[in-house]
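# A look at the structure
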Amino acid sequence: MIFLFLIPRTICLLLNSGADIERLKIIICMKKTGFTLEELKSYLDIAETSNMHEHPELIAGMIQHKENLKNQMAQFQTVLDFIDQKLSEGSWLERKA
């Protein structure tokens, strides 16, 4: 069980077990990767009551989400490469003659 204490400008968590820590890691990971709170709740509800392999629709959703993340990473890599190129050239725009 996770206990959450709200103190002004601070959040304190009391984790009782390794399962609590694992649950928190899953929540943080899924939230950072764009899952809505509703999606996150669906996955966690099933995780607590059954094996995920009993729910192929959730596995398919997770695989699709993983593919979306890979595509986003590729797009970010293109942006990073462009920035690196401009930094090495020392100019953001081609100069007009």
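Our structure is the block above this text.
None of these values were measured; they are calculated from a predicted model. (Residues numbered from 1 in each chain as written. Predicted model: local features only at pLDDT ≥ 70, side-chain atom pairs only at ≥ 80, totals over all residues. Heavy atoms only, no water.)

In this section: the overall build of the chain. Scanning the chain from N- to C-terminus turns up 3 helices and 2 strands. Reading the secondary structure of the chain in the N-to-C direction produces β-β-α-α-α. Relative to its 97 residues, the chain shows a buried fraction of 12%. Taking all contacts inside the chain whose residues are at least 6 apart in sequence as the whole, residues at least 24 apart take part in 15%. Surface accessibility of the chain: about 8,400 Å² in total, with carbon and sulfur atoms responsible for 63%. (Helix = DSSP H or I, 4+ residues; strand = E, 2+ residues; numbered from the N terminus. Buried < 20%, exposed > 50% of the residue type's maximum accessible area, 1.4 Å probe, protein only. Contact = heavy atoms within 4.5 Å. Areas by Shrake-Rupley, 256 points an atom, 1.4 Å probe, with all protein chains shown as cover.)

What follows covers helix α2 (residues 37-49). For α2, which comprises 13 residues, the first-to-last C-alpha distance of 18 Å matches the rise-based estimate of 18 Å (1.5 Å per residue) to within 8%. Among the residues of α2, L40, Y43, L44 and I46 are the ones counted as buried. Axial view of α2: buried residues confined to an arc of 165°, hence all on one face. Away from the buried face of α2 by more than 90 degrees, exposed residues L37, E38, E48 and T49 are located. (Expected span 1.5 Å × (residues − 1). Arc of directions from axis to C-beta.)

A few words now on the pattern of salt bridges. Inspection of every chain in the model, using the stated rule, returns 3 salt bridges. Where K41 meets D45, a salt bridge forms, and the shortest distance between an N and an O atom there is 2.7 Å. Of this pair, K41 and D45 both sit in helix α2, 4 residues apart, roughly one helical turn. With relative accessibility at 34%, the residue D45 sits in the partly exposed group. K86 is the salt-bridge partner of E89, the closest N and O atoms lying 3.4 Å from each other. Of this pair, E89 and K86 both sit in helix α3 (residues 56-89), 3 residues apart, roughly one helical turn. A relative accessible area of 46% means that E89 is categorised as partly exposed. (Salt bridge = Lys/Arg side-chain N within 4 Å of Asp/Glu carboxyl O.)

Okay, α3 next. For α3, which comprises 34 residues, the first-to-last C-alpha distance of 50 Å matches the rise-based estimate of 50 Å (1.5 Å per residue) to within 8%. Tucked into the core, α3 has its buried residues touching α2. Where α3 ends, the next residue or the one after it, G90, has phi of about 80°, a positive value.

With that settled, the discussion passes to the nonpolar core. In terms of nonpolar packing, the biggest core is built from 7 residues, these being M30, F35, L40, Y43, L44, I46 and L58. Among the elements that line this core, the one with the most residues is α2, at 4 residues. Non-local contacts of Y43, meaning those with residues more than four positions away in its chain, are made with M30, F35, L58, G61 and M62. (Core = buried A, V, L, I, M, F, W, Y, C linked by side-chain atoms within 4.5 Å.)

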